[in-house]
Amino acid sequence: MINKDIYKFEKQDYLTDEALLTSLNSYLIGKSYLGLPLRTRSKVVKTDICKALGYEIPKSFKKTKPKFPCQNFDIYVQESNNLQIWNQEIDENRRYVIMQLNSNHVVTKIKIIHGSELIKLDTTNKLTIKYQARVPDFLNCHYTDDNEKLIPFLTSKLNIDFSHSSTMDDPNKNSLLPISVLYNNLLSIKNKKIQFESYTKERTLADLAQEIVATQLGYNMIHDDGQYPDIKHQLLEIKLQMTSTIDLGMHCPDSKDYLSLSIDETPIEIDMCRYVILIAHREDSFISIDDIIIASGNHFFEIFTLFGGKVKNTKIQIPLPKDFFD
């Protein structure tokens, strides 16, 4: 199949499940993807699959569904048992190649499952809605004004000791800092280097970002209940960005929906929260913070661009059985 196009289906070249699995196993089992950011890893994996199957490696990989039309399969690389399928339903006629990585990011097992079987594992039959935005190539500003609805509740104190406060405490008039003060207090994070090796794990990245910001603000009691926003005491949502795509989760920054939070009996709306965006890149085993941006929810899209087309991105989450690869 040398020099065949991965985007063209040729019936005479179509491999059975067994033949496809044999080719993939022989080339990929034992291969390490340690140290690769997610987007880079995705490209390297697809390149390795082309090599394994004898297909020509394209100059750039197209966003096709499935990713490999030539053999009618999608590829998913799993470090956990939580399989996520973005912006599409499970296709019963498609093949899904699922690779398992161990804690050292080495391929240990590969399984091929047809959509008709995979769909049986989707017990919730529920699409999770996600919002996404893009970091611009050139920044016009590094922080915005606060939402005018929040201004009456902001403190005028510049130096506050947060060592006895928890990040999960409710916000109040005596401690809620303006964005301008937050920016000045966090500015020394810029150019900071942090030794960190498990940067491909999304949840760990979120924990790291929250710890960096909370520690810089002076919090000793850093807690996370998994709820929005990350640092409730300052109405701060934290994002550490090593790509241009910001995963905003289920909350759109400029939404006027109410949170289960209030200050002096005034309910807090999502667009009153503040977003700390840490722009970073990887250097070997270090993460280097290049820039910091803070935006109020109602001004968020004056700096960042909401993904067009499908404003809401959806995903199916399937918990794979423990014996899935057996």
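Everything discussed here concerns the structure shown above.
Residues numbered from 1 in each chain as written. Predicted model: local features only at pLDDT ≥ 70, side-chain atom pairs only at ≥ 80, totals over all residues. Heavy atoms only, no water.

Examining the overall build of the protein chain
The condition that has to hold: Every helix listed is a DSSP run of H or I at least four residues long, and every strand listed is a run of E at least two residues long, numbered separately from the N terminus. A simple rule labels every residue: compare its accessible area, found with a 1.4 Å probe on the protein chains alone, to the largest value its type can have, and call it buried under 20%, exposed over 50%, or partly exposed in between. Throughout, a residue-residue contact means that at least one pair of heavy atoms, one from each residue, lies within 4.5 Å. The convention is simple: Lys and Arg are positive, Asp and Glu are negative, and His and the chain ends are not counted. Note on charges: their place is set at NZ of Lys, CZ of Arg, CG of Asp or CD of Glu.
Broken down by element type, the protein chain carries 5 helices and 14 strands. Within the span of the protein chain, comprising 326 residues, buried residues form 48% of the whole. Within the protein chain, counting contacts between residues at least 6 apart in sequence, those at least 24 apart form 68% of the total. The averaged location of the 43 negative side-chain charges in the protein chain is 6 Å from the averaged location of its 39 positive side-chain charges.

Side note on the sheet that holds strand 7 (residues 236–241)
We apply this condition: The criterion for strand pairing is that DSSP finds at least two bridges linking the strands in question. All axes are obtained by fitting lines to C-alpha atoms, using only the stretch in contact for helices, and the reported angles, taken between N-to-C directions, cover 0 to 180 degrees.
Overall, mixed pairing links the 4 strands, which are arranged 6-12-11-7 in an open sheet. Edge positions in the sheet fall to strand 6 (193–195) and strand 7, since each of these pairs with one other strand and no more. Sheet twist, expressed as the mean angle between neighbouring strand axes with direction ignored, is 30°. In terms of strand pairing, strand 11 (residues 274–283) meets strand 12 (residues 286–296) through 10 bridges, oriented antiparallel. Paired with Ala280 across the strands is Ile289, a residue of strand 12. Where helix 4 (residues 179–186) meets the sheet, it contacts strand 7, strand 11 and strand 12, and its direction lies at approximately 170° from that of strand 12.

Thoughts on the side chain of Glu237
Quick note on the threshold: As used in this structure description, the phrase polar contact means that two N or O atoms lie within 3.5 Å; if the pair is within protein, one of them must be able to donate a hydrogen and the other to accept it, and residues adjacent in sequence are counted only when both atoms belong to side chains.
Looking at where Glu237 falls in the secondary structure, it is placed in strand 7. In this structure Glu237 comes out as buried when scored by relative accessible area, which is 7%. Of the polar contacts made by the side chain of Glu237, one reaches the backbone nitrogen of Asp230; its length is 3.1 Å. Beyond its immediate sequence surroundings of up to four residues, Glu237 is in contact with Tyr228, Pro229, Asp230, Arg274, Tyr275 and Val276.

Quick notes on the pattern of salt bridges
This is how the line gets drawn: Here a salt bridge means any side-chain nitrogen of Lys or Arg lying within 4 Å of a carboxyl oxygen belonging to Asp or Glu.
Using the criterion set out here, one finds 17 salt bridges in the structure. The salt bridge partner of Glu79 is Arg41, with a shortest N-O separation of 2.8 Å. Of the two residues, Glu79 sits in the loop between strand 1 (73–78) and strand 2 (82–86) while Arg41 sits in helix 2 (residues 38–53), which places them 38 residues apart along the sequence. Arg41 sits in the buried class, given a relative accessible area of 7%. In the salt-bridge network here, residues are joined through shared partners; they are Lys67, Asp74, Asp91 and Arg94.

Some points on the packing of aromatic side chains
Put simply, the rule is: Aromatic contacts are taken between Phe, Tyr and Trp rings whose centres are within 6.5 Å, Trp giving its six-membered ring; a plane angle under 30 degrees counts as stacked, one over 60 as edge-to-face, and the others as tilted. When the NZ atom of lysine or the CZ atom of arginine is within 6 Å of a ring's centre and also within 35 degrees of its normal, the charge is said to sit over that ring.
Scanning the entire structure with this criterion turns up 10 aromatic pairs. An angle of 50° between the planes, with centres 6.4 Å apart, marks the rings of Tyr228 and Tyr275 as tilted. Linking Tyr228 in the loop between helix 5 (202–217) and strand 7 with Tyr275 in strand 11, this pair joins segments that are 47 residues apart in sequence. Geometrically, the ring pair formed by Phe324 and Phe325 is edge-to-face, given 5.0 Å between the ring centres and 90° between the ring planes. Here Phe324 and Phe325 have matching classes, each one buried. Aromatic ring contacts, followed pair by pair, group Tyr228, Tyr275, Phe300, Phe301 and Phe304 into a single cluster. A cation sits over an aromatic face here: Lys62 above Tyr7, 4.8 Å from the ring centre. Here the guanidinium or amino end of Lys111 rests over the ring plane of Phe324, the centre of that ring lying 4.5 Å away.

Quick word on the environment of Ile98
With respect to the secondary-structure elements, Ile98 resides in strand 3 (residues 95–101). Look at Ile98 and you get buried, because its relative accessible area is 0%. Through-space distance from the C-alpha of Ile98 to that of Leu259 is 38 Å; in sequence the pair is 161 residues apart. Residues in contact with Ile98, not counting those within four places in the same chain, are Tyr76, Gln78, Leu83, Lys109, Ile110, Lys111, Ile113, Leu320, Phe324 and Phe325.

Examining the packing of helix 1 (residues 17–28) against helix 2
Quick reminder of the rule: Throughout, a crossing is termed right-handed when the near helix is turned clockwise from the far one, and left-handed when it is turned anticlockwise from it by less than a right angle. In the scheme used here, Gly and all other residues not listed as nonpolar or charged are polar, with Ala, Val, Leu, Ile, Met, Phe, Trp, Tyr, Cys and Pro taken as nonpolar and Asp, Glu, Lys and Arg as charged.
One way to put it is that helix 1 packs onto helix 2 with a least axis distance of 9 Å and a crossing angle of 115°. Both helix 1 and helix 2 take part in a crossing whose hand is right-handed. For the pair helix 1 and helix 2, contact is made by Leu20, Ser23, Leu24, Tyr27 and Leu28 and by Asp48, Ile49, Lys51, Ala52 and Leu53, respectively. Within the contact of helix 1 with helix 2, the residues separate by chemical class into 7 nonpolar, 1 polar and 2 charged.

With respect to the side chain of Ser175
Within the element layout of this structure, Ser175 appears in the loop between strand 5 (127–134) and helix 4. By relative accessible area, which is 5% here, Ser175 ends up buried. Non-local contacts of Ser175, meaning those with residues more than four positions away in its chain, are made with Thr155, Ile160, Phe162, His233 and Gln234.

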